[in-house]
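Inside the fold
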Amino acid sequence: MQAESTLHELAFGALDSFQIEIPSWGFANTGTRFGKFLQPGAASTLEEKFSDAGQVHKLTGATPTMALHVLWDLPNGSADADAVHGLESRYGVAAGSINPNLFQDQEYKFGSLCNPSAEIRERAVAHMLDSVAIATELGSRDISLWLPDGSNYPGTQSIRKRIEWLEEALIRTHQNLAPGQRLLVEYKPFEPAFYHTDIADWGMASHLAAKAGPQARVLVDTGHHYATQNIEQIVAWLLHTGMLGGFHFNDRRYADDDLTLGSIDPYQIFRIFHEIQLSGPELLRDVAFMIDQSHNLKGKMEAMVQTVAMAQELWLKAALVNRDRLEHLQEKCELVKAEELFRGTFWQDVRPIVKEWRALRGLPEDPLAALAESGYVQRISAERGAKMAPVTSYA
Ligand code: RM4
Ligand code: MN
Ligand code: MN
């Protein structure tokens, strides 16, 4: 009995502490590079995105903030802040990380912060500074940079000059951060550039963040690694060096697939969560959990609720690892026992405890079923479907 109540206490504490940010672009129509398959319920305005995010938060209790992409969501920059404040209070979700957008403008064809043209680099830095200003207006802590820069063919760009330009740009951005704000540096080994990307891995991101200044950290997107890379080891190193700033969670089978978290390899997310939980609860303040997925086959609302529920389950599983016992087994080199403990905890079905927690917190026990019953998706599909824009295709 005693053991059971301790287990519940531990589990409820873990679930109470878990929050994950949802991306505004997860509710909009997106596609592959070959085309878009439109969904009538997709959001096309910021208000619709806030409305959808609010629903996800109501159903899961775990998504109080929504990440915004500057050009997509805040085309007028800081001038949009008032409108955002209105939406925040109306829909019960706050603006989260601010994501600069350096990958769409024609002038960025050969790079943004690393473009050989000083003039274009300057414009890209100005966009970074605008993003910081927007974050300040909105009270957002994190400016989360994903840089698309790179090159497609050997010999066509100076890798080293581009390092210097990037260092300079990030230092300048950092100088403009308000106290308490952070610059998160995301890395990605390929795409859209295929020979080199200017921030290809965690080592480069970590160097750049350290160079930028004390308020910069690394952002790990779980889809941004080569297939066999040991991501939890990267996480362990970033924790050790104090450089872990946050995550973009998604799953992948091949590349940056942005599939539903845990749909391919839930064990990997469990292993990552375990590394984080080893550092204790205080660390949670400093590590931003975000989802970076935009589904174009699955229903967007359903996929987001499914993802958050999966994240909660995996977080809880990691919390249930008997870490003292594991440490003891590791010290004794009891390999099989250690592995069985670790793997066994992963296999434990935590869904009944999550259900109990939801009931206790006044949340629907089955958020997906509750979403279906609410009729929300039908309602937005009817309302938004009528004004659906024509399909744009690859060519
Ligand atoms: C990139 C990266 C960024 C996201 C863009 C849209 O692959 O994951 O985080 O903002 O996609
Ligand atoms: Mn990402
Ligand atoms: Mn990505």
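Quick summary incoming for the structure in this document. Quick caveat: nothing in here was measured; it's all calculated off a predicted structure. (Residues numbered from 1 in each chain as written. Chains lettered and ligands numbered in written order. Predicted model: local features only at pLDDT ≥ 70, side-chain atom pairs only at ≥ 80, totals over all residues. Heavy atoms only, no water.)

**Describing the overall build of the protein**
Put simply, the rule reads: Helix and strand definitions follow DSSP, with helices as H or I runs of at least four residues and strands as E runs of at least two, each counted in order from the N terminus. Throughout, radius of gyration means the C-alpha value; the globule benchmark is 2.2 Å times the number of residues raised to the power 0.38. To sort residues, take the accessible area from a 1.4 Å probe on protein chains only and compare it with the maximum for the residue type: under 20% means buried, over 50% means exposed, and anything in between is partly exposed. Should any heavy atoms of two residues lie within 4.5 Å, those residues are counted as being in contact. Using a 1.4 Å probe, the Shrake-Rupley method yields the accessible areas, and only the shown protein chains count as cover for residues. Asp and Glu are treated as the negative residues and Lys and Arg as the positive ones, with His and the ends of the chain left uncounted. The atom standing in for a charge is NZ when the residue is Lys, CZ when it is Arg, CG when it is Asp and CD when it is Glu.
If you tally the helices and strands in the protein, you get 15 helices and 12 strands. Relative to the compact-globule value of 21 Å for 395 residues, the protein shows a C-alpha radius of gyration of 21 Å, a close match. When its C-alpha atoms are laid out on the principal axes, the protein stretches across 70 × 55 × 40 Å. Looking at the 395 residues of the protein, the share that counts as buried comes to 52%. Within the protein, contacts between residues separated by at least 24 positions form 79% of all contacts whose residues are at least 6 apart in sequence. Carbon together with sulfur atoms contributes 54% to the accessible area of the protein, which is approximately 18,300 Å² in total. Taking the 36 positively charged and 51 negatively charged side chains of the protein as two groups, their mean positions are separated by 3 Å.

**Topic: the site of ligand 1**
To be explicit about the condition: Proximity is defined per residue: if any heavy atom of the residue lies within 4 Å of a molecule or strand, that residue is considered near it. Two N or O atoms form a polar contact when they lie within 3.5 Å of each other; inside protein one atom must be a possible hydrogen donor and the other a possible acceptor, and for residues adjacent in sequence the pair counts only when both atoms belong to side chains. Any residue outside Ala, Val, Leu, Ile, Met, Phe, Trp, Tyr, Cys, Pro, Asp, Glu, Lys and Arg is labelled polar, Gly included; the first ten of those are nonpolar and the last four are charged.
As a structural note, the neighbourhood of ligand 1 is formed by His69, Trp72, Trp146, Glu186, Lys188, Asp221, His224, His248, Asp256 and Asp292. Within the side chain of Lys188, an N or O atom sits 3.0 Å from an oxygen atom of ligand 1. In isolation ligand 1 has 290 Å² of accessible area, and contact with the protein removes 89% of it. Each residue belonging to the shell around ligand 1 can be placed in one class, and the counts come to two nonpolar, three polar and five charged.

**Focus on the pattern of salt bridges**
Stated precisely, the cut-off is as follows: Take a side-chain nitrogen of Lys or Arg and a carboxyl oxygen of Asp or Glu: if they are within 4 Å of each other, that pair is a salt bridge.
Summed over all chains, the structure comprises 18 salt bridges. In this structure, the salt-bridge partner of Glu48 is Arg384, at a minimum N-O distance of 3.9 Å. Taken together, the residues span a long stretch of sequence, with Glu48 in helix α2 (residues 46-60) and Arg384 in helix α15 (residues 376-385) at a distance of 336 residues. On the accessibility criterion, Glu48 (11% relative accessible area) is buried. One salt-bridge network, in which partners are shared between bridges, spans Glu48, Asp52, Arg384 and Lys387.

**Some points on helix α7 (residues 202-212)**
Defined as follows: To be clear, the arc concerns the directions from the helix axis to the C-beta atoms.
Looking only at α7, the buried set comprises Ala205, Ser206, Leu208, Ala209 and Ala212. Taken around the axis of α7, the buried residues stretch over an arc of 165°, which confines them to a single face. Capping of α7 at its N-terminal end is provided by Asp201; its side-chain oxygen lies 3.0 Å from the backbone amide nitrogen of Gly203. Among the residues trailing α7, Gly213 stands out with phi positive, at a value near 150°.

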